[in-house]
There are 2 protein chains.
Amino acid sequence: MSSPTTVGFIGLGAMGEPMAHALLRAGFPVVAAAHRNRTPLERLAASGARAVAHPGAVAAESDIVVLCVPDAPQVDDALFAEHGVAGGLHEGSIVVDMSTISPVASRRFAERLAQRGIGFVDAPVSGGPMRAQSGTLTIMVGASDEHFARVRAVLEAMGTPHHLGPVGMGETVKLVNQIAIGSIMIANAEALMFARKAGADLDAVREVLKSATASNYVLEQWIPKTWLGAGFDGGFAMDLLRKDLAAALDAARSLGHPMPQAALAHQLYTLQAETDGKRDYTAIAKLYGAQEH
Amino acid sequence: MSSPTTVGFIGLGAMGEPMAHALLRAGFPVVAAAHRNRTPLERLAASGARAVAHPGAVAAESDIVVLCVPDAPQVDDALFAEHGVAGGLHEGSIVVDMSTISPVASRRFAERLAQRGIGFVDAPVSGGPMRAQSGTLTIMVGASDEHFARVRAVLEAMGTPHHLGPVGMGETVKLVNQIAIGSIMIANAEALMFARKAGADLDAVREVLKSATASNYVLEQWIPKTWLGAGFDGGFAMDLLRKDLAAALDAARSLGHPMPQAALAHQLYTLQAETDGKRDYTAIAKLYGAQEH
C-alpha cells in the first residue's frame, strides 16, 4: 500500500482552521505554516500537525496543498510570492483552492500551474464554521476527472464533494449559492422586521414560516444562531459576501445576464458594511431597525 | 352530542375547491353556491355537498362560513352584496376568511360583522393547490381565543392552524410569507439562470444547493413542478403575488418600514405580468431568459 497522502494547509482562518482539524481527525498527515497570527497553527500542531516556516516549505512536504484564503490576491500571494507554494511543489502534485474567488481567476491559476506540471482544483465550500467543525461542508468542485479522483478522499474528510465540471465550475456554482443567499437573507430581514413592527411574535412567525412556502435554510438554521441568538459577531463576514456578490455581478456582466435584485442586495450590504463589514451578514437586519442585544 | 358543524363554502377556485373537498372528507356537511363557473360546484355536489342558489342561502344553512376569494373587494361582495353571506347568517355564527387580503381590511370586516353579532376569523393559507388537496396547508389565524376554539376543528380538516393573535394577525403573517417568497423566487431565478448561462448543469446545481446555505422550499419543491416540470400554467398566479406584495408595501408604508427589495420584486413581477400575470409566478424566470418548454 502507498503511504498516506500528506496534505499541506494554507489559511487557518474561521473556516480553514476547523477544516484542517477535520483532515487530522480523518488520519491525514497535515503540514501548515503560520501567517500573521500563530495561535491557530499552535492549536493545529497540538493536535498533531507539522508546523513549518512558510508556504513553500508546506508545499515541499505535501502531495496536495489546500488553500483557504479570502480572495484571489491572497491565492496569488500564497502560490507565487517569495517562499510561495508553487516554488515548493514537485511536479505531479495538486493545489486544491477552497477559497471563494472568481471562476475567471481560478482558470488563470490553473493555467499558470499547469505550465509547471502542477494540477489545480477549485473547491469552494458552503456551510459555515459549525459545519467545517463537524466535517459536513458542502463542497463544489471544478476539476478534471483525474484530478478529482486524486483529491476526493481529502475533500471527503471535510464534507461532501460534488464534482460539477472542469476547473472554474466549483467557483461558478458557489457564486450561484451566494447570489441566492445574498437576496434570501435580505428577504428574511425585510419580512421579519415587518412582522416585528406589526406586533407579531417573531418566534411564532418563524415557527409558521418553517412549514410555509417561505421556508429557507438561512431563516431556520442561521438567523436563530446569529441575529436572534449569540449576536452578529463571528459567522460569515458581510465584507466576504460583498466580495462574492461583486464577483458574481462581474461574471454576470460578462455573460450578459441581468441581476437587478443581486445588484440591489450588493448596494444594501454596502450601506451596512461601513459599521458591520466584519460581522455576520445577518447584521443587515440593523438596516431595517433590528437592535443589538 | 351536538349535531356536526355545517360549513358553508364561498369561492371554489384553484385553492377553494380542494379545500372544500378536504372538509367533506373530514365528515363536515358542506353547503356551497355557484359563482361564474358551475363545474367546481357540480364536482363538490357529486362528492356530497349541498348546492344552493347564492351566498345568502349558503349562510342560512351554515354554522361557519368559509370564504376563499382573490381579494378584499370579493370578500366585501361575498359578505355584503345582495344575497350576500351577512344577510343569511344568524347571530352567533362565524365567518372564516381564508383569502389573502390586507390586515386593515380584515379588521374592518370584523367590525362590521360584530355589529350584527357575527364573529370573524382571518385564516389565510400557504402551500398551493397540491397541499390543499391533501389537507396539509399551513393556516395562519387571527382570531379571539373563543372564536379560534370554535373554528379549530374545521381548520384542522384543511391543514395545520397556527393561532397568531387577534383578527388581522393571520393576514399580517401571511404577508410576511409573501414578502419573503416574492424575493426568494427572484433570487432563485437570477441564480439558476446565471448558472445556466455559465454552462452549469441545472440538475446538478439544484442537487448541490439543497445541502448548501441557499437551500429553500421554493427551489426544492415548487420550481421542479412548475418552471422545470409541467410548465408555467396552474400553480400560484403572478397577479395574485403582485396583489399580495402591493398589500404588504401599503402596510409597510403605514408602519414606516422600508422594504427596497420587496419593492423591486413588485416592479419585476409587474414587468413580466403583462404576458404572464395569470400563470405561475415562476414565470418570472422568463424575464431572465428562461424558455417555455
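Sequence order sets the numbering: in each chain, residues are counted from 1 along the sequence as written. Just so you know, chain letters begin at A and ligand numbers begin at 1, following the order they were written in. At least 70 in pLDDT is required for a residue's local features to be given in this predicted model, at least 80 for side-chain atom pairs to be given and counted, and no such filter applies to totals for whole chains, interfaces and linings, which use all residues. Computation of side-chain values: all heavy atoms of the structure, hydrogens and water removed.

### Quick look at the pairing of strand E2 (residues 30-33) of chain A
All names here are of chain A. In this scheme, a residue with accessible area under 20% of its type's maximum is buried, one over 50% is exposed, and one in between is partly exposed, where area comes from a 1.4 Å probe on protein chains only. Secondary structure elements follow DSSP: runs of H or I of four or more residues count as helices, runs of E of two or more count as strands, with numbering from the N terminus. Here E2 shows two buried faces, one formed by Val30 and Ala32 and the other by Val31 and Ala33. Pairing of strand E1 (residues 7-10) with E2 involves 3 bridges; the strand directions are parallel. Counterpart to Gly8 in the pairing with E2 is Val31. When the strands point away from the viewer, a crossover counts as right-handed if the route from the first strand across the helix to the second turns clockwise. Where the polypeptide runs from E1 across helix H1 (residues 16-25) and back to E2, its parallel neighbour, the crossover connection is right-handed. Should DSSP find at least two bridges between two strands, the strands are regarded as paired. When E2 meets strand E3 (residues 50-52), the two strands line up parallel, connected through 3 bridges. Counterpart to Ala33 in the pairing with E3 is Val52.

### Examining the relation of the copies chain A and chain B
Take chain A, turn it by 180 degrees, move it 0.0 Å along the axis, and it overlays chain B with an RMSD of 0.0 Å. Expressed as a symmetry operation, the mapping of one chain copy onto the other fits a two-fold axis. Ranked by how close their C-alpha atoms come to the rotation axis, the residues of chain A are headed by Asn216 of chain A, at 2.0 Å. The share of interface residues of chain A whose copies in chain B are also at the interface is 100%, consistent with both copies meeting through the same surface. When the copies are superposed, the least-squares fit draws on C-alpha atoms of residues that have pLDDT of at least 70 in both. Note on definitions: a residue-residue contact is assigned when non-hydrogen atoms from the two residues lie within 4.5 Å.

### Some details on the packing of aromatic side chains
For Phe, Tyr and Trp, rings pair up if their centres lie within 6.5 Å, where Trp contributes its six-membered ring, and each pair is then called stacked (planes under 30 degrees apart), edge-to-face (over 60) or tilted (otherwise). Taken as a whole, this structure holds 6 aromatic pairs over all chains when the rule is applied. Ring centres 6.0 Å apart and planes at 65 degrees place the aromatic pair Trp222 of chain B and Tyr281 of chain B in the edge-to-face group. Of the two residues, Trp222 of chain B sits in helix H11 (residues 217-222) while Tyr281 of chain B sits in the segment after helix H14 (260-276), which places them 59 residues apart along the sequence. Joined through ring pairs, the aromatic side chains of Trp222, Phe236 and Tyr281 of chain A make up one cluster. Positioned over the ring face of Phe80 of chain A is Arg112 of chain A, at 3.7 Å from the centre of the ring. Remark: a charge is flagged as sitting over a ring if the NZ atom of Lys or the CZ atom of Arg is within 6 Å of the ring centre and within 35 degrees of the ring normal.

### Here's the deal with helix H10 (residues 202-210) of chain B
Listed as buried for H10 of chain B are Leu202, Val205, Arg206, Val208 and Leu209 of chain B. All buried residues of H10 of chain B project into a common sector of 165 degrees when viewed along the axis, lining one side. Comment: arc refers to directions from the helix axis out to C-beta atoms.

### A look at the packing of helix H9 (residues 169-197) of chain B against helix H13 (residues 238-255) of chain B
Residues and elements named next belong to chain B. Angular values range over 0 to 180 degrees, each being the angle between N-to-C directions of two axes fitted as lines to C-alpha atoms, with helices fitted over their stretch in contact. Their axes nearest at 9 Å, the elements H9 and H13 cross at an angle of 115 degrees. Note on packing geometry: the crossing formed by H9 with H13 is left-handed. Between H9 and H13, the residues in contact are Leu175, Gln178, Ile179, Ile181 and Gly182 and Leu241, Asp244, Leu245, Ala247 and Ala248, respectively. Throughout this entry, Asp, Glu, Lys and Arg are counted as charged residues, while Ala, Val, Leu, Ile, Met, Phe, Trp, Tyr, Cys and Pro are counted as nonpolar. The remaining residues, Gly among them, count as polar. Here the residues of the contact of H9 with H13 are counted per class, giving 7 nonpolar, 2 polar and 1 charged. For any helix crossing, the convention is left-handed if the near helix is rotated counterclockwise from the far helix by under a right angle, and right-handed if that rotation is clockwise.

### Remarks on the environment of Gly16 of chain A
All names here are of chain A. Looking at the secondary structure, you find Gly16 in helix H1. Overall, the relative accessible area of 1% leaves Gly16 in the buried class. The sequence separation of Gly16 and Gln133 amounts to 117 residues, and the corresponding C-alpha distance is 9.7 Å. The contact partners of Gly16, leaving out residues within four places of it in the chain, are Phe9, Gly11 and Cys68.

### Focus on the pattern of salt bridges
Residues and elements named next belong to chain A. When a carboxyl oxygen of Asp or Glu is within 4 Å of a side-chain nitrogen of Lys or Arg, the pair counts as a salt bridge. Evaluation of the coordinates by the stated rule reveals 34 salt bridges over all chains. A salt bridge links Asp203 to Arg206; the nearest nitrogen and oxygen atoms lie 3.0 Å apart. Taken as a pair, Asp203 and Arg206 lie in helix H10 (residues 202-210) at a separation of 3 residues, close to a single helical turn. Accessibility expressed as a relative area gives 18% for Arg206, which makes it buried. Of the charged contacts, one joins Lys278 and Asp239 as a salt bridge, the two residues approaching to 3.1 Å between their closest N and O atoms.

### A few points about the domain arrangement of chain A
Residues and elements named next belong to chain A. Where each domain begins and ends follows an automated or database-derived domain assignment. In terms of domains, chain A is made up of domain 1 (7-166) and domain 2 (172-288). For domain 1 versus domain 2, the distance between C-alpha centres works out to 28 Å. Of the residues lining the interface, 14 residues belong to domain 1; the matching set on domain 2 comes to 12 residues. Summing the contributions of domain 1 and of domain 2, the shared interface buries around 1,100 Å²; its carbon and sulfur component is 67%. We define buried area as the total accessible area lost by two parts upon association, computed with a 1.4 Å probe and summed across both. For domain 1, the biggest contributors to the area lost against domain 2 are Thr100, Pro103 and Met140; these three give 36% of the whole. Taken together, the links from domain 1 to domain 2 amount to 0 salt bridges. Here a polar contact is recorded for every N or O atom pair within 3.5 Å, except that within protein the pair must consist of a potential hydrogen donor and a potential acceptor, and residues adjacent in sequence are included only if both atoms are side-chain atoms. Between domain 1 and domain 2 we count 5 residue pairs in polar contact (both at pLDDT 80 or more) in total.

### Describing the interface of chain A and chain B
Each side of the interface is counted separately: chain A has 57 residues, and chain B has 57 residues. In total, about 4,800 Å² of surface goes out of reach between chain A and chain B, with carbon and sulfur atoms giving 72% of it. Contact with chain B buries area across many residues of chain A, yet Phe194, Thr213 and Gln261 of chain A alone supply 18% of it, more than any other trio. Along the contact surface separating chain A from chain B lie 24 residue pairs in polar contact (both at pLDDT 80 or more). Breaking the side of chain A that touches chain B down by element, the ones donating at least two residues are strand E8 (137-142), strand E9 (159-165), helix H9 (169-197), H10, helix H11 (217-222), helix H13 (238-255) and helix H14 (260-276) of chain A. No other element matches the 19 residues that H9 of chain A contributes to the side of chain A that touches chain B. Taken together, the residues of the side of chain A that touches chain B break down into 39 nonpolar, 15 polar and 3 charged.

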